[in-house]
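A closer look at the structure
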Amino acid sequence: MITEEEFFSRMPKIIGHRGACGLAPENTLASLRKAAEIGTSFVEIDVTVTQDSVAVIQHDNDVRRCSNGSGPILLKTLEEIQQLDAGSWFSDEFKGEKIPTLRQATDTLADLGLGLNLEIKPCSGWQIPTTEQVAKELLDYWPEDLPLLISSFNVDALYEMGRLIPDIPRGYLTSAIPPDWEERLTDSGCASLHCERHYVTKDQVKAIKKAGFQLLVYTVNDPEEAEKFLGWGVDAVITDFPDRMFGALEL
Ligand code: G3P
Ligand code: MG
């Protein structure tokens, strides 16, 4: 696995959100390809598990919003998941796109040479089995030389991943920055804090950077706002539209 130090030394200032989800259906292989096509080098995607314990790439616990199906992923087998159309809801151009497995996403990322911020999105109550399965699969097939960071809003998932594969850098996801952020990051062994754009102030950026942590802000789709955060010292912004950033910012 690539070390924490190397991951952050290679991490670009612009990270594609759910692939490049402003331009292609989120969390699909098409979204990864689109991200690469427009020049993105690192992406964020979300991972959860099926009923038969296969890690699949999807943001919500339910397939309703991003496919032609409905119901919780945790109650569906991989075979059922793979019958769904996960592209038509976005546009006809992507009709027939599937919900990928983590394995398929990994193969595509490796082909494209994209670094990954993998966000664990467990169904509440299923954080440990989800993390165990993701860890097992990563140990099985993640390419050693491909940059990988694990992030989650779920603290149990972060601790469990740290216990199972301590070498993978981890990111602590939050909306508002908690007052005791430093203690939380230190205690959980997380190298980075990822927070929601509305809640970030210049003083907080200064303090977090001074304490030696990496700071990522999501979801920033306005290049002027990205420029502001990067100017404050934020390490990377996560965006649905990497193309807008590449067109407007000097990186
Ligand atoms: O990792 C940044 C962002 O993806 C976190 O929120 O809900 O889009 O997964 P969400
Ligand atoms: Mg996410």
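Provided above is the structure to which this section pertains.
Overview of the structure. All of these numbers come straight from a predicted model, not from anything done at the bench.

As a further point, take the overall build of the chain. Each helix and strand in the chain was counted, giving 10 helices and 9 strands. For 251 residues, the compact-globule estimate of 2.2 N^0.38 gives 18 Å, and the chain sits close to it at 17 Å. For the chain, the C-alpha atoms occupy an extent of roughly 50 × 40 × 30 Å along the three principal directions. Here the chain has roughly 10,900 Å² of accessible surface; of this, 46% comes from carbon and sulfur atoms. The average position of the 23 basic charges and that of the 41 acidic charges among the side chains of the chain differ by 3 Å.

With that settled, the discussion passes to the site of ligand 1. All residues in the neighbourhood of ligand 1 are listed as His17, Arg18, Glu44, Asp46, His59, Glu119, Lys121, Phe153, Leu173, Tyr218 and Ile238. At a separation of 2.7 Å, an oxygen atom of ligand 1 approaches a polar side-chain atom of glutamate 44. In the model, an oxygen atom of ligand 1 is placed 3.3 Å from a nitrogen or oxygen of the aspartate 46 side chain. Contact with the protein chains removes 92% of the 290 Å² of surface that ligand 1 exposes when unbound.

Attention now goes to the coordination of the magnesium ion (ligand 2). Bound to the magnesium ion (ligand 2) on the protein side are Glu44 (OE), Asp46 (OD) and Glu119 (OE), at distances that span 1.9 to 2.2 Å. Mapped onto the sequence, the donors of the magnesium ion (ligand 2) take the spacing E-x1-D-x72-E. Residue glutamate 44 is classed as buried on the basis of its relative accessible area of 4%.

Under the criterion given, the structure shown has 7 aromatic pairs. When the ring of tryptophan 89 is compared with that of phenylalanine 90, the centres are 5.7 Å apart and the planes differ by 85°; the resulting orientation is edge-to-face. Seen in terms of ring centroids, phenylalanine 153 and tyrosine 218 are 6.3 Å apart; in terms of plane orientation they differ by 85°. Their pairing is edge-to-face. Note that phenylalanine 153 is positioned in the loop between β5 (148-152) and α6 (155-164) and tyrosine 218 in strand β8 (residues 214-218), a separation of 65 residues in sequence. We classify tyrosine 218 as buried; its relative accessible area is 13%.

What follows concerns the side chain of asparagine 27. Relative to the assigned elements, asparagine 27 resides in the loop between β1 (14-17) and α2 (29-37). On the basis of relative accessibility, which here comes to 1%, the residue asparagine 27 falls in the buried class. One polar contact links asparagine 27 to aspartate 46, side chain to side chain, over a distance of 3.1 Å. When near neighbours in sequence (up to four residues on either side) are disregarded, asparagine 27 contacts Arg18, Ile45, Asp46, Ile57, Gln58, His59 and Pro100.

The subject of this paragraph is unusual backbone geometry. With an omega dihedral of -25°, the bond running from tyrosine 218 to threonine 219 counts as a cis peptide bond. Positionally, threonine 219 belongs in the loop between β8 and α9 (223-232). Positive phi is not limited to glycine here, since serine 53 has a value of about 55°. Note on serine 53: relative accessible area 42%, which makes it partly exposed.

Below, the discussion takes up α6. Buried within α6 we find Ala157, Leu158, Glu160, Met161 and Gly162. Residues of α6 that are buried in the fold lie against β4 (115-120), α5 (127-141), β5 and β6 (170-173). If you check the start of α6, you find a side-chain oxygen 3.0 Å away from the backbone N of aspartate 156, and it comes from asparagine 154.

Core analysis: the biggest nonpolar cluster contains 28 residues, and Leu102, Leu118 and Leu138 have the highest contact counts within it. With near-sequence residues (within four places) excluded, leucine 118 lies in contact with Ile45, Val47, Leu102, Val134, Leu138, Leu148, Leu149, Ile150 and Ser151. Tyr172, Phe213, Val217 and Phe229 belong to the second largest nonpolar core, which has 23 residues in total.

About the thresholds
Residues numbered from 1 in each chain as written. Chains lettered and ligands numbered in written order. Predicted model: local features only at pLDDT ≥ 70, side-chain atom pairs only at ≥ 80, totals over all residues. Heavy atoms only, no water. Helix = DSSP H or I, 4+ residues; strand = E, 2+ residues; numbered from the N terminus. Rg over C-alpha atoms; globule rule 2.2 N^0.38 Å. Areas by Shrake-Rupley, 256 points an atom, 1.4 Å probe, with all protein chains shown as cover. Lys, Arg positive; Asp, Glu negative; His and termini not counted. Charge placed at Lys NZ, Arg CZ, Asp CG, Glu CD. Near = heavy atom within 4 Å. Polar contact = N/O pair within 3.5 Å; in protein donor to acceptor, adjacent residues only side chain to side chain. Donors = N, O, S within 2.8 Å, 3.2 Å for Na, K, Ca; no water. Buried < 20%, exposed > 50% of the residue type's maximum accessible area, 1.4 Å probe, protein only. Phe/Tyr/Trp six-rings, centres within 6.5 Å; stacked < 30°, edge-to-face > 60°. Contact = heavy atoms within 4.5 Å. Core = buried A, V, L, I, M, F, W, Y, C linked by side-chain atoms within 4.5 Å.

Nothing here speaks to function; it is all geometry.
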